[in-house]
Amino acid sequence: MLKQRSDSSSDNSRQPVWRAGTLTYTFGALMMLCFWLLWGDFTWSMKDRAVGPSATLLIKSIGVSEFVYGLIVISFPNFTNIFLTPIISYMSDRHRGRWGRRIPFLMFTTPFIVLGLYGLGFTRVGGAMLHRVFPELSLHGAMLLIFCISWVLLDFGTTLASSLFNALVNDVVPPELLGRFFGLFRAVSLGAGMLFNLYLIHKVESYGMWVFLGIGTLYGTGLLMLCLKVKEGQYPPPPETELEPDNSRLGLVTKVFHSSVTYLRQSFSLSYYRWYILAVATVVLCFLPINSYSIQYSKHLGIATETYGKYLFITYLCSLILSYFLGMLADRFHPLRTGIAALSIYAVLMATGWYLLADPEWFELIFILHGVISGCYFTLSASLGARLLPRALFAQFSSAGAIIQAIFTMLAAPAMGRLIDFMNYNYRCVFPVALVATLLSLTLFCKLYRNYLRHGGDRAYQPPMPD
């Protein structure tokens, strides 16, 4: 169990070395914090790494077009992000309770995620039962209905929890170690991806139910242990509200409206954060074309699912070896600079991929390099929010970026699917689209870097605070 001590402790013989807010850590306590955060991240990563390809294989086996696939699997979760992420982030930043301001919400989301994963596992069985009870509903329609209901549950829990886990890390990890911690999280995430793609991905089509049930059980157990073992510190009082307490229905509506106005004003009133939000949101467009349609691309080229899994294994292995050192580079040179470098290399790869993949034999090399370089970007920029955003409103500003990112993804995924359908499944078109998006993202990040220097840069940076 992690122990929290007051900064005013008079025990000078056991002064801790690391601090995060009111939390103080000895080396042993820091190692325990690392263990439980990494364990929670492993279970989260197994869910994340497994759900995308597994859900893709499942819904494609049911039978849908690329446009419908993009609409259901990619656009819908991002549509809910627009509404759910800011609400939970705003509430979490301002919550003060016995268990902290992040952990209670993480506990709340876990049952929805577990039930959603279990439901995906029972898509075929549940669809067959539903078809027997309602014969007028086709077997295809029944399975798609079970899939969509389960997907909604999973998405609801995941959307709420995704912004809170990074916020928890930002609250409990000493600031000077954030880059290394995120590097370790990246390593764990990659390790989870390696395990799934080497041993499980090729079993999804035959044993999908057991894969989903296993991932759901692992996630539920892991997040429960994380919430019980990691302790949050004491936070300063939340920003004062101008409204007097009012428990009537009208008063509740007024408070919700006031909170929404405050959220939008604080998040988007300063041009500095508007550039930040736009830059980090646009990055999703760089990697979405290949990430969303790579498994279909490989099948179109006649590549077996097991072979595709091995490509991902190699990708994750390379990224795993690099992850901790990339975290050190981010701490040393700042995630803004290292992120710009990674995006520049990715732009060159997209131009090269468009030229080379006229010959399908280049797929293996280009796909692996795509995974390694995009992974380098995520590792190098993982601590960007923690380095640029005010700690008091970290989750709120992160969620504001997630809103714009969700809008971009919600529109781009089905548009990409429609383009692929229109071009008669010529998946090679993903490369010029990704190249244009990367050049746009680089432009925005250069503007953000200039703004960072104007606010003090490496020596005296102070995040501006909204009114």
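About the cut-offs
Note that residues are indexed from 1 along each chain, following the sequence as it is written. The model is predicted, so local features are restricted to residues of pLDDT at least 70 and side-chain atom pairs to those at 80 or more, both for listing and for counting; the totals for chains, interfaces and linings are taken over all residues. To obtain the side-chain values, all non-hydrogen atoms of the structure were included, while hydrogens and water were left out. pLDDT gives the predictor's per-residue confidence on a scale running from 0 to 100. Helix numbering and strand numbering both begin at the N terminus, where a helix is a DSSP run of H or I of at least 4 residues and a strand a DSSP run of E of at least 2. Throughout, a contact is declared for two residues whenever any of their heavy atoms are within 4.5 Å. In this description, a nonpolar core means a group of buried Ala, Val, Leu, Ile, Met, Phe, Trp, Tyr and Cys residues linked to one another through side-chain atoms lying within 4.5 Å. Categorising residues by exposure relies on relative accessible area from a 1.4 Å probe, with only protein chains included: less than 20% of the type maximum marks a residue as buried, more than 50% marks it as exposed, and the intermediate range marks it as partly exposed. Working definition: a ring pair exists when centres of Phe, Tyr or Trp rings (six-membered ring for Trp) sit within 6.5 Å. Plane angles under 30 degrees give stacked, over 60 give edge-to-face, the rest tilted. Counted as over-ring charges are cases with an Arg CZ or a Lys NZ within 6 Å of the ring centre that also lie within 35 degrees of the ring normal. Here the term patch refers to residues with relative accessible area over 30% and no salt bridge, with like charges joined within 9 Å and nonpolar side chains (Val, Leu, Ile, Met, Phe, Trp, Tyr) within 5 Å. Surface accessibility follows the Shrake-Rupley procedure with a 1.4 Å probe radius. Residue values consider only the protein chains on display as shielding. Definition used for salt bridges: Asp or Glu carboxyl oxygen within 4 Å of a side-chain nitrogen of Lys or Arg. Two cysteine sulfurs form a disulfide in these notes if their separation is within 2.5 Å. Structural elements are reduced to axes, namely lines fitted to C-alpha atoms, with helices fitted over the stretch in contact, and the angle between N-to-C directions of any two is expressed from 0 to 180 degrees. Roughly parallel covers angles under 35 degrees, roughly antiparallel covers those over 145, roughly perpendicular covers 65 to 115, and oblique covers all other angles. Each crossing is labelled by how the near helix is turned from the far one, with a counterclockwise turn of less than a right angle marking it left-handed and a clockwise turn marking it right-handed. Polarity classes work like this: nonpolar for Ala, Val, Leu, Ile, Met, Phe, Trp, Tyr, Cys and Pro, charged for Asp, Glu, Lys and Arg, and polar for all others, with Gly in that last group. Here a helix's expected span is defined as the number of its residues, less one, multiplied by 1.5 Å.

### Brief notes about the confidence of the model for the chain
In step 1: Per-residue confidence for the chain gives a mean pLDDT of 83, with 91% of residues at or over 70.
In step 2: The weakest mean pLDDT in the chain belongs to helix H8 (residues 249–268) at 66; the strongest belongs to helix H15 (residues 430–454) at 93.
In step 3: Overall, residues 1–13 carries pLDDT values under 50, and its contacts beyond four positions in sequence, including any with other chains, amount to 25 contacts.
In step 4: A low-confidence stretch, residues 242–246 stays under pLDDT 50, and its non-local contacts, those more than four residues away or across chains, total 7 contacts.

### Observations regarding the nonpolar core
Grouped burial of nonpolar side chains is what soluble globular proteins tend to show.
In step 1: Residues Leu37, Phe147 and Phe445 are the most contacted members of the largest nonpolar core, which totals 139 residues.
In step 2: Here the element with the most residues in this core is helix H1 (residues 27–62); it accounts for 16 residues.

### Side note on the packing of aromatic side chains
What describes a pair of aromatic rings is the distance from one ring centre to the other and the angle between the planes of the rings.
In step 1: Going through the model one piece at a time under the given rule, you end up with 26 aromatic pairs.
In step 2: When the ring of Phe287 is compared with that of Tyr377, the centres are 5.8 Å apart and the planes differ by 45 degrees; the resulting orientation is tilted. Taken together, the residues span a long stretch of sequence, with Phe287 in helix H9 (residues 271–300) and Tyr377 in helix H12 (residues 363–380) at a distance of 90 residues. A single burial state applies to Phe287 and to Tyr377, both of which are buried.
In step 3: Taken together through their ring pairs, the aromatic side chains of Tyr297, Tyr308, Tyr311, Phe363, Phe367, Tyr425 and Tyr427 make up a single cluster.
In step 4: Here the basic side chain of Lys47 rests over the ring of Trp44, its NZ or CZ set 4.2 Å away from the ring centre.

### Some points on a nonpolar patch on the surface
In step 1: Together, Leu419, Phe422, Met423 and Val433 make up an exposed nonpolar region whose accessible area comes to about 370 Å².
In step 2: Structurally, the position occupied by Val433 is in helix H15.
In step 3: Taking the relative accessible area as the measure of exposure, Val433 reaches 33% and is therefore partly exposed.

### A closer look at the environment of Leu439
In step 1: Inspection of the secondary structure assignment puts Leu439 in helix H15.
In step 2: In this structure Leu439 comes out as partly exposed when scored by relative accessible area, which is 46%.
In step 3: For the pair Leu439 and Ala347, spaced 92 residues apart in sequence, the C-alpha to C-alpha distance is 6.7 Å.

### What to know about the pattern of salt bridges
Opposite charge on two side chains allows them to pair when their charged atoms are near.
In step 1: By the definition in use, this model includes 4 salt bridges.
In step 2: As a salt-bridge pair, Asp48 and Lys47 come within 3.0 Å of each other at their nearest N and O atoms.
In step 3: On the accessibility criterion, Asp48 (43% relative accessible area) is partly exposed.
In step 4: Given the relative accessible area of 2%, Lys47 is considered buried.
In step 5: With a closest N to O distance of 2.8 Å, Asp458 and Arg337 form a salt bridge. Taken as a pair, Asp458 in helix H16 (residues 457–460) and Arg337 in helix H11 (residues 335–356) lie far apart in primary sequence, 121 residues in all.
In step 6: Arg337 gets classed as partly exposed once you look at its relative accessible area, which sits at 28%.
In step 7: Among the ionic contacts, a cluster of salt bridges with common partners joins Arg101, Arg102 and Asp171.

### A few points about the state of the cysteines
In step 1: Going through the model one piece at a time under the given rule, you end up with 0 disulfides.
In step 2: In this model Cys227 remains outside any disulfide bridge; the closest cysteine sulfur is found in Cys34, 17 Å from its own.
In step 3: The class of Cys227 is buried, set by a relative accessible area of 4%.
In step 4: In this structure Cys446 is not part of a disulfide, and its nearest cysteine sulfur, from Cys286, lies 13 Å away.

### Quick look at the packing of H1 against helix H5 (residues 139–172)
In step 1: Where H1 meets H5, the axes come as close as 11 Å, and the angle between the chain directions of the two elements is 155 degrees. With respect to their mutual orientation, H1 and H5 come out roughly antiparallel. The interaxial crossing formed by H1 with H5 has left-handed handedness. Touching Leu33, Leu37, Gly40, Asp41, Trp44, Lys47, Val51, Ala55, Leu58, Ile59 and Ile62 of H1 are His140, Met143, Leu144, Phe147, Trp151, Leu154, Thr158, Ala161, Ser162, Phe165, Val169 and Val172, all from H5.
In step 2: In the contact of H1 with H5, the residues fall into 17 nonpolar, 4 polar and 2 charged.

### Considerations on helix H14 (residues 394–422)
In step 1: With 29 residues, H14 should cover 42 Å at 1.5 Å per step; its first-to-last C-alpha distance of 42 Å lies within 8% of that length.
In step 2: Among the residues trailing H14, Asn424 stands out with phi positive, at a value near 60 degrees.

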